Amino acid sequence: MPNSSRNLETIQAVRSEINLLPQSAKSSKDLMEGVVQLLHERMLKYNWVGFYMLEKAAGSEPPALVLGAFRGAMTPHTRIPLNQGICGAAASTGKTVVVDDVNADSRYLACSIETKSEIVVPIFVRGTVVGELDIDSHFAAAFAPVDRELVEHCATVVGHYLENAAQ
Ligand code: SME
């Protein structure tokens, strides 16, 4: 089987497993742990997978993205202001950001010297950004449109869970 068909098959299998996670998750934290674990284990080029959740401004503290569930090496970026990084760009615009070569992007905040490409997908609850799913790869241009679709689907599943939990 050619590599691209195998990749597509893996993506479809992972998508189906993601769809089952909300049924057994005891909390949104539990769901997000399940998502990072599944993506990190099964998607071989997803070398760092993590959630950043938006913390509202409090007093003199501006809003920031705070590291949540993740798999991969510890990152120095545990709090990211909205005006910094690829993470800040995705959260402040509410749009998915795919960077094929992180070293050519001046917004990039380095997490590991091995990282070559990155995708960041915002998570919405009732139309408002509440966080994001961030994935780094040791491979350049690792995130094809099929990967983008999978990661956006994961963000949608988490957004729906949070939406229902907030009711
Ligand atoms: N590279 C991100 C920072 C987070 S680390 O990748 C885990 C950015 O540029 O915002």
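The notes below deal with the structure included here. (Residues numbered from 1 in each chain as written. Predicted model: local features only at pLDDT ≥ 70, side-chain atom pairs only at ≥ 80, totals over all residues. Heavy atoms only, no water.)

Before going further, it helps to examine the site of the ligand. Around the ligand, the surrounding shell holds 13 residues, and the nearest of these are I86, C87, L109, E118 and D136. The contact in question runs from an oxygen atom of the ligand to an N or O atom on the backbone of C87, over 2.8 Å. Take E118: an N or O atom from its side chain is 2.9 Å from a nitrogen atom of the ligand. Protein contact buries 100% of the 310 Å² of open area that the ligand shows by itself. Of all elements in the fold, only β1 (48-55), α3 (85-93) and β6 (128-137) reach the threshold of two or more residues within the shell around the ligand. Among the elements that make up the shell around the ligand, the one with the highest residue count is α3 (three residues). (Near = heavy atom within 4 Å. Polar contact = N/O pair within 3.5 Å; in protein donor to acceptor, adjacent residues only side chain to side chain. Areas by Shrake-Rupley, 256 points an atom, 1.4 Å probe, with all protein chains shown as cover. Helix = DSSP H or I, 4+ residues; strand = E, 2+ residues; numbered from the N terminus.)

Let's shift gears to the pairing of β6. Counting buried residues in β6 gives eight out of ten residues, a clear majority hidden from the surface. Strand direction decides the pairing type here: β1 and β6, joined by six bridges, are antiparallel. Bridged to M53 within β6 is G131. Pairing analysis gives nine bridges linking strand β5 (residues 117-125) to β6, with the strands arranged antiparallel. From the neighbouring strand, E118 faces β6, where its bridge partner is D136. With antiparallel pairing between neighbouring strands as the criterion, β5 and β6 make up a hairpin whose turn holds two residues, including R126 at a positive phi of roughly 45°. (Buried < 20%, exposed > 50% of the residue type's maximum accessible area, 1.4 Å probe, protein only. Pairing = 2+ DSSP bridges.)

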